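Here's the letter readout for the chains.
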Amino acid sequence: QVQLVESGGGLVQPGESLRLSCAASGSIFSINAMGWYRQAPGKQRELVASIISGGTTNYADSVKGRFNISKDNAKNTVYLQMNSLKPEDTAVYYCNALLRVGKLSPITGHWGQGTQVTVSS
């Protein structure tokens, strides 16, 4: 069993910052990539940022220059530093991991339970 546990969401005012964390635990052989997605009410889930095992990152255009994704391999944890938050960043943020549970296992995708981020004055 693999678990992804997110933390760090909350209510902030426009222009403020938040840092999300996501820790993966359980039967993990290797992690190929981790990322953050978000889903606002009435909208589809969208990719916010991702980071692969080699460290290459990818960001949605709407968050470039404001958000930064990083990881701690020793802790199987990924972080999302969100600066200059805007009301349109309001959403449930989900952590995703692409990993193998064994050396010969296929890569499988796993989701966290989500954490609410609300940006409002």
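The structure reproduced in this document is the subject of the present report. In this convention, every chain numbers its residues from 1, walking through the sequence in written order. Totals for whole chains, interfaces and linings use every residue, but because this is a predicted model, local features are given only for residues with pLDDT of at least 70 and side-chain atom pairs only at 80 or more, for both listing and counting. Only hydrogens and water are removed before side-chain values are computed, so all heavy atoms of the structure are retained for them.

## What to know about the sheet that holds strand S3 (residues 18–26)
Working step 1: One open sheet holds the four strands; their spatial order is S1-S3-S8-S7, and the pairing between them is antiparallel. At either end of the open sheet lies a strand with only one pairing partner, and these are strand S1 (2–7) and strand S7 (67–72). The mean angle between the axes of side-by-side strands here comes to 15°, regardless of whether they run parallel or antiparallel.
Working step 2: Think of it this way: DSSP has to see at least two bridges between two strands before they count as a pair. Helix and strand definitions follow DSSP, with helices as H or I runs of at least four residues and strands as E runs of at least two, each counted in order from the N terminus. For S3 and strand S8 (residues 77–82), the ladder comprises six bridges, and the chain directions are antiparallel. Across the sheet, Leu18 pairs through a bridge with Met82, a residue of S8. Orientation is described by lines fitted to C-alpha atoms, with helices fitted over the stretch in contact, and by angles between N-to-C directions that extend from 0 to 180 degrees.

## Thoughts on the nonpolar core
Working step 1: Take the buried residues of types Ala, Val, Leu, Ile, Met, Phe, Trp, Tyr and Cys, join any two whose side-chain atoms come within 4.5 Å, and each joined set is a nonpolar core. Exposure is judged per residue with a 1.4 Å probe applied to protein chains only, and the accessible area is read against the type maximum: over 50% gives exposed, under 20% gives buried, and values in between give partly exposed. Met34, Trp36, Leu80, Met82 and Tyr93 are the most contacted members of the largest nonpolar core, which has 29 residues in total.
Working step 2: When residues of this core are traced back to their parent elements, those giving at least two are S1, S3, strand S4 (30–39), strand S5 (46–52), S7, S8, strand S9 (91–100) and strand S11 (115–119).
Working step 3: The leading source of residues in this core is S9, at five residues.
Working step 4: In this analysis, two residues are considered to be in contact whenever any of their non-hydrogen atoms come within 4.5 Å of each other. Beyond its immediate chain neighbours, meaning those up to four positions away, Leu80 contacts Leu18, Arg19, Leu20, Trp36, Val48, Ala49, Phe67, Asn68, Ile69 and Tyr93.

## Some thoughts on the pairing of S5
Working step 1: In terms of strand pairing, S4 meets S5 through six bridges, oriented antiparallel. Residue Met34 lies in a different strand from S5, and its bridge partner there is Ile51.
Working step 2: Between the end of S4 and the start of S5, which pair antiparallel, lie six residues, with Gly42 showing a positive phi angle near 80°.
Working step 3: Note that S5 and strand S6 (residues 57–59) share three bridges and pair antiparallel. Across the sheet, Ser50 pairs through a bridge with Asn58, a residue of S6.

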